[in-house]
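# Summary of structural features
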Amino acid sequence: MKNWIIKEEWFNNQEITANENRFLCGNGYLGIRGALEEFQKEKLPAVNLSGIYDRVGDGWREPLNAPNPLYTRMKVDGEYYFLPEKEPVSHTQELDFKHGLVRRHTTFHTKRGSVTVESEHFASMADCHLIGMRYIVMADFHADLEIQTGIDGDVWDIHGPHYDDVRFEQKDKRILVDAITHEKKEHVCVAEQYRTQAPHEHKTKEEERRSLHRICVVTDINKPVVIEKMAAVYTTNDCENPQSASEELVAESMELGYEKQRKRHIDCWEKLWSTSKVEIEGDEEAEKELNYSLYHLLSIAPYHAESQSIPARGLSGQTYKGAVFWDTEMFMLDFFINTQPKVARTLLKYRIDTLAGAEQKAKSYGYSGAFYAWESQEGGYDACSDYNVTDVFTNRPMRTYFKDKQIHISGAVVYGLIHYVNSTGDTSILYEGGAKTILSCAMFYDSRMIERVHSGVYELCDVIGPDEYHERVNNNSYTNRLAGFVLTEAVRILSQSREDEKLAEALGEADCEYWEKRFKEDTEKLVQKKPGTNGVIEQFDGYFQLEDTTVDTVRSRLLNEKEYWGGAYGVASDTQIIKQADVVTQLVMFPEDFSRKVAWDNWNYYEPRTEHGSSLSACMYGILACNCENPDAAYPFFRKSAAADLKGGGKEWAGNVYIGGTHPAAAGGAYMTAIKGFAGITMEDGQIKAHPHLPDGWEKMRFSIFYQGERYEICVTANGTEIKSMGHYKISGHCGDF
Ligand code: IFM
């Protein structure tokens, strides 16, 4: 791929928050929104941390934003020059997404001449606790320059403030901060240090929750003043003494210096791309969009952990409470299984290690087994509120049932586990809790079913499927099919355990014989929907009786554009208009169930009835269209998913609450559409097969896949496919080590 740069060539006040998502960089431990250095909390800058949360009062529990060590602003001849207060002469912001480097270049006119600021920063891929920044100022006159740089502890929060206390310490060219959280008194410690060759006077400045160096220089004409900064972030989640850990890391990294740290970081990115990039000959724009999406997935993968997952909005802030949804297993996992299998394992270990939380949740509703959190935080705590939407008319919280009724989440966990084991051949995960998880999810569905007295069939009633606009429905086809899958897999594992002692041990005390028999009966009796005479599968009982109308008609009934379409009296609730792919998702996940004709009939029925109100929707329509040999119908859905973060345009605000951020599930969905859809990659009888359906103009696709202990390089053209083994690998290692 030739062009790995995305660039904004102007400054637009309206695009500030969208650009912060577009220019995000991260390393799985932290994500840095692409804010300009001078931005304070009103502009939503954030160094968003993974896996650490806090709750204040009745507010939503959300992940923490660390004190911001990139905060920097400048004064020229005693006057501040920064955006958006001062109009620039020129401004560009860019991201080199091959190497995770974010840059800006801004020129201001001052009373005596022009001054240019250039900066670059990165979230180190080589050391997840490290951030590097270079800030350069150049004037075309002898400017009286003061650069103020340090740590801004007055961070942006949606439901904060999360720090009860923020303690600063200044040690010459180093600033340390220890921020203490409200709920669990966790310590979030940040250290930063700068270096410059320019002769300067060093002063300090303390403000409310902010500590700054003042670097005072009289500039030479057209000679840059270069400040290099390293910063380190540790919390009590990482080690006992995060304060000294951050200080030590900063001191060490300053010894090596910015250039060398930058090189280490770049080398890691090169390694990641060596197994992750997807080349598309014949469609440069699509190639760029897709790889930009993959950049986002690679920026938020928890390389540093053994057991951690990815929030639905990645590491772009506190939207959706930094919680993990089914997005990970159903939309992102494919990419990681194929390109970074160690990360895939880490994501699944998170579910295994939060099994106790899921079992607790099931119990709280009176069920057995594991009912996974709809919005999962650490320990499997379900952060989903009973009132997840605000009624725009009354401003009152509306009772929603996402947490109580989206029981398909447990099926997604099992689907992910089985997919991982089948693709990688790594059965060890089953012994390390995976088998127990599958069994427990099956027990949950078993306890959740009800038997119809007259017909004797089993049903899953009062659920919500992927289409969240229709709440509390019976026998959602997707959910029932997934539950059937879980029960079948549980039967398989239970029967294997008769021959496999380790597996039997991993299943613990369970009475395997009893459960095997019971689950078999469940699978036989659980209602599975069949296509009607027109080939269409009814999304849930009674769906076809609902008003059959169009998305535009339903939209025209809104009294307020921010009104919720679902729930008790939502405009879509009594109609066949759905929020996102539902039956279509089922047909993508279980392509073997029905003929291509049935799949295409369903695509054609549901697509005009889908609002695509979720960024998870388009890719499913894209993949299914490919499976039905209609790559041209798939193409716009693919482009929509791939461009979700590049083009933006999604909802950013719900009332006064920020709901923007990045869309990793759409990114993962774009990947699936390319690989499963256009390249038509399937795994059959232990082998990779390709049944390509390339869109118009696509000459060649090249990518790499890990499968069953080997890495393969695959080249797909309309005339044939080459699948070349590159040898064995071990599922271990960091940042592309294999
Ligand atoms: O998981 C999704 C859900 O399907 C639709 N609403 C947003 C969630 C997080 O992306």
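Residues numbered from 1 in each chain as written. Predicted model: local features only at pLDDT ≥ 70, side-chain atom pairs only at ≥ 80, totals over all residues. Heavy atoms only, no water.

In this section: the overall build of the protein chain. The helix and strand inventory of the protein chain stands at 19 helices and 30 strands. For 738 residues, the compact-globule formula gives about 27 Å, and the C-alpha radius of gyration of the protein chain, at 26 Å, lands near that figure. Considering only C-alpha atoms, the protein chain reaches an extent of 90 × 60 × 60 Å along its principal axes. Of the contacts formed within the protein chain by residues at least 6 apart in sequence, a portion of 67% connects residues at least 24 apart. Surface accessibility of the protein chain: about 27,800 Å² in total, with carbon and sulfur atoms responsible for 47%. Counting 82 positive and 114 negative side-chain charges, the protein chain places the averaged centre of each group 1 Å from the other. (Helix = DSSP H or I, 4+ residues; strand = E, 2+ residues; numbered from the N terminus. Rg over C-alpha atoms; globule rule 2.2 N^0.38 Å. Contact = heavy atoms within 4.5 Å. Areas by Shrake-Rupley, 256 points an atom, 1.4 Å probe, with all protein chains shown as cover. Lys, Arg positive; Asp, Glu negative; His and termini not counted. Charge placed at Lys NZ, Arg CZ, Asp CG, Glu CD.)

Moving on to the sheet that holds strand β8 (residues 90-96). Spatially, 9 strands are ordered β1-β8-β9-β10-β11-β18-β15-β14-β13 in an open sheet, and the strand pairing comes out antiparallel. Of all strands in the sheet, those bounded by a partner on one side alone are β1 (5-8) and β13 (163-171). For this sheet, the mean inter-axis angle between neighbouring strands, taken without regard to orientation, is 15°. Against the sheet, helix α2 (residues 242-256) engages β11 (130-139), β13, β14 (174-181), β15 (187-196) and β18 (225-235), with an angle of about 20° to β15. Running over the sheet, helix α3 (residues 258-276) touches β9 (101-110), β10 (113-123), β11 and β18 and is turned about 50° from β10. (Pairing = 2+ DSSP bridges. Axes fitted to C-alpha atoms, helices over the stretch in contact; angles between N-to-C directions.)

Moving on: the pairing of β11. Within a regular strand, the side chains alternate between the two sheet faces. Burial of β11 is extensive: 9 of the 10 residues sit out of reach of the surface. Summarising the sheet, β10 and β11 pair through 9 bridges and their orientation is antiparallel. Bridge pairing in β11 places V115 opposite A139. The antiparallel hairpin formed by β10 and β11 contains 6 residues in its connecting segment. Pairing of β11 with β18 involves 8 bridges; the strand directions are antiparallel. (Buried < 20%, exposed > 50% of the residue type's maximum accessible area, 1.4 Å probe, protein only.)

A separate point is the sheet that holds strand β16 (residues 201-207). In space, the 5 strands of this open sheet follow the order β7-β6-β12-β17-β16, with antiparallel pairing throughout. One side of each edge strand has no neighbouring strand; the edge strands of this open sheet are β7 (79-81) and β16. Each strand of the sheet is rotated relative to its neighbour by a mean of 30°, with strand direction disregarded. In the sheet, strand β12 (residues 144-152) pairs with strand β17 (residues 210-218) via 9 bridges, with the strands oriented antiparallel. Bridge pairing in β17 links I151 to S211.

By size, the foremost hydrophobic cluster in this structure holds 206 residues, and its most contacted members are M74, W326, F336, F519, M701 and F703. When sequence neighbours within four positions are dropped, the list of residues in contact with F519 reads L439, A442, M443, D446, L487, A490, V491 and L494. The next biggest cluster of nonpolar side chains, apart from the first, holds 14 residues, and it includes M230, Y234, A245 and V250. (Core = buried A, V, L, I, M, F, W, Y, C linked by side-chain atoms within 4.5 Å.)

Near the ligand, the surroundings consist of A312, Y320, F325, W326, D327, W374, E468, K579, Q580, S614 and L616. Within the side chain of W326, an N or O atom sits 2.9 Å from an oxygen atom of the ligand. Within the side chain of Q580, an N or O atom sits 3.1 Å from an oxygen atom of the ligand. (Near = heavy atom within 4 Å. Polar contact = N/O pair within 3.5 Å; in protein donor to acceptor, adjacent residues only side chain to side chain.)

This part covers a nonpolar patch on the surface. A cluster of nonpolar side chains, namely V392, F393 and L559, defines an oily patch on the protein surface of about 310 Å² accessible area. Here L559 is to be found in the loop between α14 (551-556) and α15 (583-589). (Patch = residues over 30% accessible without salt bridge, like charges linked within 9 Å, V, L, I, M, F, W, Y side chains within 5 Å. Salt bridge = Lys/Arg side-chain N within 4 Å of Asp/Glu carboxyl O.)

Moving on, we come to the side chain of T479. Within the fold, T479 resides in helix α11 (residues 477-496). Since its relative accessible area comes to 0%, T479 is described here as buried. Side-chain polar atoms of T479 contact the side chain of N476, separated by 2.6 Å.

Moving on to the pattern of salt bridges. Enumeration according to the criterion identifies 68 salt bridges in this entry. The closest approach of N and O atoms between E120 and R134, which form a salt bridge, is 3.7 Å. Taken together, the residues E120 in strand β10 and R134 in strand β11 connect sequence positions 14 residues apart. Accessibility classification places E120 together with R134 in one group, the buried group. Between R481 and E592 there is a salt bridge, with the nearest N and O atoms lying 4.0 Å from each other. Linking R481 in helix α11 with E592 in the loop between α15 and α16 (596-606), this pair joins segments that are 111 residues apart in sequence. By relative accessible area, E592 is classed as exposed at 57%. Connected through shared salt-bridge partners, K7, E94, D96, R103, E120, R134, E259 and R262 make up one network.

The interhelical angle for the contact between α3 and helix α4 (residues 284-299), taken along N-to-C directions, is 125°, at an axis separation of 11 Å. In this view, α3 runs oblique relative to α4, as classed from their interaxial angle. Taken as a pair, α3 and α4 cross one another with a handedness that is right-handed. Counting all contacts with α3, which are made through W269, L272, W273 and S276, the residues of α4 involved are N291, L294, Y295, L298 and S299. Looking at the contact of α3 with α4 residue by residue, the classes come out as 6 nonpolar, 3 polar and no charged. (Parallel < 35°, antiparallel > 145°, perpendicular 65-115°, else oblique. Left-handed = near helix turned anticlockwise from the far one by under 90°. Nonpolar A, V, L, I, M, F, W, Y, C, P; charged D, E, K, R; others polar.)

Time to look at the environment of Y234. Its location among the elements puts Y234 in strand β18. If we skip the residues at most four places from it in the chain, Y234 touches Y29, H129, H187, V188, C189, C239, P242, A245, S246 and L249.

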